[in-house]
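Coordinates in review
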Amino acid sequence: MSSAAKTHILHLYRAFLRELPPRPFLTTPRAPLHQRLRDFVQSAAAPASTAAATPVHKPSIAEAEQLLAYLQAQREYVTLLERYNPGMGMDEETKVRLTAKRVGMDLPKEFKDGEEDK
């Protein structure tokens, strides 16, 4: 395998690691996905003569590039979804209060049983 091909595979591996959530501590075991990525990189970088001729599907570099493009698009989609739908994670009461404030109204303070106005 040429040096340029190995460099390209390492570039893909680093790009995958940037897209995936980081490991909290280096002492924790790798997630199965991280391990599969490492196995892919090692098998792709290994010469063809050392690879066993098995009927198991071996992912290609083109498939890895497509998966990487998908992960980047998903990250961008989540970013845009959070940016343009800020109330997605709010409860209903907070949404109503903020909507009222947006149109210039303040909701009255609600009292529960046993509370007094101080």
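Summary of the structure given here. (Residues numbered from 1 in each chain as written. Predicted model: local features only at pLDDT ≥ 70, side-chain atom pairs only at ≥ 80, totals over all residues. Heavy atoms only, no water.)

**Examining the nonpolar core**
- Counting residues in each nonpolar core, the largest one holds 12 residues, listed as Ile 9, Leu 12, Tyr 13, Ala 15, Phe 16, Leu 20, Leu 37, Phe 40, Val 41, Ala 44, Ala 64 and Leu 68.
- Breaking this core down by element, the ones donating at least two residues are helix H1 (3-19), helix H2 (32-45) and helix H3 (61-84).
- It is H1 that contributes the most residues to this core, five residues altogether. (Core = buried A, V, L, I, M, F, W, Y, C linked by side-chain atoms within 4.5 Å. Buried < 20%, exposed > 50% of the residue type's maximum accessible area, 1.4 Å probe, protein only. Helix = DSSP H or I, 4+ residues; strand = E, 2+ residues; numbered from the N terminus.)

**Description of the packing of H1 against H2**
- With their axes 10 Å apart at the nearest point, H1 and H2 run at an angle of 175 degrees to one another. Taken together, H1 and H2 sit at an angle that is classed as roughly antiparallel. Counted together, Lys 6, Ile 9, Leu 10, Tyr 13, Phe 16 and Leu 17 of H1 and His 34, Leu 37, Arg 38, Val 41, Ala 44 and Ala 45 of H2 form the full contact between these two elements.
- When grouped by side-chain class, the residues that make up the contact of H1 with H2 number nine nonpolar, one polar and two charged. (Axes fitted to C-alpha atoms, helices over the stretch in contact; angles between N-to-C directions. Parallel < 35°, antiparallel > 145°, perpendicular 65-115°, else oblique. Contact = heavy atoms within 4.5 Å. Nonpolar A, V, L, I, M, F, W, Y, C, P; charged D, E, K, R; others polar.)

**Points about a negative patch on the surface**
- On the surface, a cluster of negative charge is contributed by Asp 91, Glu 92, Glu 93 and Glu 110.
- Relative to the assigned elements, Asp 91 resides in the loop between H3 and helix H4 (92-102). (Patch = residues over 30% accessible without salt bridge, like charges linked within 9 Å, V, L, I, M, F, W, Y side chains within 5 Å. Areas by Shrake-Rupley, 256 points an atom, 1.4 Å probe, with all protein chains shown as cover. Salt bridge = Lys/Arg side-chain N within 4 Å of Asp/Glu carboxyl O. Lys, Arg positive; Asp, Glu negative; His and termini not counted. Charge placed at Lys NZ, Arg CZ, Asp CG, Glu CD.)

**Some remarks on the pattern of salt bridges**
- All told, the structure shown has one salt bridge when counted by the stated rule.
- Glu 19 is the partner of Arg 75 in a salt bridge, and the nearest nitrogen-oxygen pair spans 2.8 Å. Of this pair, Arg 75 sits in helix H3 while Glu 19 sits in helix H1; the two residues are 56 residues apart in sequence, bridging distant segments of the chain.

**Comments concerning the side chain of Glu 19**
- Judged by relative accessible area, Glu 19 falls into the buried class, the value being 18%.
- Side chain to side chain, Glu 19 and Arg 75 meet in a polar contact 2.8 Å long.
- Beyond its immediate chain neighbours, meaning those up to four positions away, Glu 19 contacts Leu 68, Leu 71, Gln 72 and Arg 75. (Polar contact = N/O pair within 3.5 Å; in protein donor to acceptor, adjacent residues only side chain to side chain.)

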